[in-house]
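Overview (structure and organization)
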Amino acid sequence: MTQVKTVKPHEVLADVLSEDLDAVNTLIRTRMASEHAPRIPEVTAHLVEAGGKRLRPMLTLATARMCGYQGDNHVKLAATVEFIHTATLLHDDVVDESAQRRGRPTANLLWDNKSSVLVGDYLFARSFQLMVETGSLRVLDILANASATIAEGEVLQMTAATNLGTSEDIYLQVVRGKTAALFAAATEVGGVISERPESEITALRDYGDALGIAFQIADDLLDYQGNTANTGKNIGDDFRERKLTLPVIKAVAQATEAEREFWVRTIEKGRQEDCDLEHALDLMAKYQTLEATRKDALAWAETAHHALTALPEHPLRETLTDLASYVVARLN
């Protein structure tokens, strides 16, 4: 029997928005060019053309079309969102000393940290040029605030990452900063340039926020139970990098004194030994923290679903609803 391939929501979006996405990709290639510094397009192309889903720019394109926008500013804003995202990835890989992203060597490994940081700065500058070209102070305010929030979230994560006192509330604050802020801005600006009622703009922002949180929680969970071929990461990379993500935070909160000593040694002090990952997984299984984390991701996906009910019916509204379900369906 021939197996029927299920079309994923982001693939549906990519098909429906194909012309707009082509325009975004063309604009990205044009704006990442540099007459005087060829290193910039080299580094940027390595990451931008690495086969990412373009999820964040698609959210801007989809929400603008769903809201009936007529014009070309949605293309500029989608490119802006992708530039901001790419800049943060370049900086993140330097901070995390990463060697691989999406199954490929990172830019800082192929070139150096200085190139990654400076090209990331260049992309942030390009993103602000594109924002200004829309002529909307409100759009500029939304995306500038998102950029600041992302940086704030990254700094908070750096200070909280190996601190066993990090609570679920602080974790959520980090996630809202480093991930959900850009999702929320990407969806909100689609409503703003379409001049939709404030209630709909708020609903779009709430959808992006909840989608981003569900997305990040699912990603953190996949680090402990995902498929390396699909995620591009090895099981337990976050543990080896001493990152306190939600499954571990939940386990630490319930730990006995001896178990807490294990977390102190492996996460706070970074003294990891053979079989520590297996013991960490055993502790997460003991307290069912992976399942509890999965339920949190599902709850945020449901929040995203609910936010969209404030918007008029539209085929893209259904696809965006499916997308929220898909980001957590990856956990099955």
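Below or above, wherever it landed, is the structure these notes cover.

**Digging into the overall build of the protein**
- In terms of helices and strands, the protein carries 17 helices and two strands.
- Across the 332 residues of the protein, 52% fall into the buried class.
- Taking contacts inside the protein between residues at least 6 apart in sequence as the whole, the part at least 24 apart equals 75%.
- On the protein, roughly 15500 Å² of surface is accessible, and the fraction owed to carbon and sulfur atoms is 50%.

**Considering the nonpolar core**
- One finds L143, Y207, W263 and L320 to be the most contacted residues of the largest nonpolar core, which totals 92 residues.
- Here this core gets 14 residues from one element, more than from any other, and that element is helix α10 (residues 198–225).
- With residues near it in sequence (within four places) discarded, Y207 still touches L59, T187, A304, A307, L308, L320, L323 and A324.

**Examining helix α7 (residues 113–133)**
- With 21 residues, α7 should reach 30 Å at 1.5 Å per residue; the first-to-last C-alpha distance of 31 Å fits that figure.
- Taken together, the buried positions of α7 are S115, S116, V119, G120, Y122, L123, F124, R126, S127, L130 and M131.
- Looking at the residues trailing α7, positive phi occurs at G135, about 75 degrees.

**What about the packing of aromatic side chains?**
- Inspection of every chain in the model, using the stated rule, returns four aromatic pairs.
- Summarising the aromatic geometry, the rings of F239 and W263 are spaced 6.5 Å apart at their centres and angled 75 degrees between planes, so their arrangement reads as edge-to-face. On the criterion of sequence distance, the pair formed by F239 in helix α12 (residues 237–240) and W263 in helix α14 (residues 257–268) is long-range, its members being 24 residues apart.
- For F239, a relative accessible area of 1% corresponds to the buried category.
- An aromatic cluster is built from F239, F262 and W263, whose rings are joined through pairwise contacts.
- The ring of F215 has R330 lying over it, and the distance from NZ or CZ to the ring centre is 5.1 Å.

**Here's the deal with the pattern of salt bridges**
- Under the counting rule described, the total for this entry stands at 18 salt bridges.
- Between E133 and R31 there is a salt bridge, with its nearest N and O atoms 3.0 Å apart. Remark: R31 occurs in helix α2 (residues 18–31) and E133 occurs in helix α7; sequence separation between them is 102 residues.
- One salt bridge in this structure joins E133 and K76, with 3.6 Å as the shortest N-O distance. Placement of the pair is E133 in helix α7 and K76 in helix α5 (residues 73–95), with a sequence separation of 57 residues.
- Take E133: its relative accessible area is 35%, and that puts it in the partly exposed class.
- Residues joined in a network through salt bridges with shared partners are R31, K76 and E133.

**Structural notes on helix α16 (residues 289–308)**
- Here α16 contains 20 residues, and its C-alpha end-to-end distance of 29 Å stays within 8% of the 28 Å for a straight helix at 1.5 Å per residue.
- Within α16 the residues assigned to the buried category are T289, L290, T293, A297, A301, A304, H305, A307 and L308.

**Things to note about unusual backbone geometry**
- Residue E195 is not a glycine yet carries a positive backbone phi of 55 degrees.
- Looking at the element boundaries, E195 is found in the loop between α9 (168–193) and α10.
- Its identity is not glycine, yet R242 carries a phi of approximately 60 degrees, on the positive side.
- One can find R242 in the loop between α12 and α13 (246–253).
- Taking relative accessible area as the criterion, R242 reaches 26% and is therefore assigned partly exposed.

Calculation notes
- Residues numbered from 1 in each chain as written.
- Predicted model: local features only at pLDDT ≥ 70, side-chain atom pairs only at ≥ 80, totals over all residues.
- Heavy atoms only, no water.
- Helix = DSSP H or I, 4+ residues; strand = E, 2+ residues; numbered from the N terminus.
- Buried < 20%, exposed > 50% of the residue type's maximum accessible area, 1.4 Å probe, protein only.
- Contact = heavy atoms within 4.5 Å.
- Areas by Shrake-Rupley, 256 points an atom, 1.4 Å probe, with all protein chains shown as cover.
- Core = buried A, V, L, I, M, F, W, Y, C linked by side-chain atoms within 4.5 Å.
- Expected span 1.5 Å × (residues − 1).
- Phe/Tyr/Trp six-rings, centres within 6.5 Å; stacked < 30°, edge-to-face > 60°.
- Lys NZ or Arg CZ within 6 Å of the ring centre and 35° of its normal.
- Salt bridge = Lys/Arg side-chain N within 4 Å of Asp/Glu carboxyl O.

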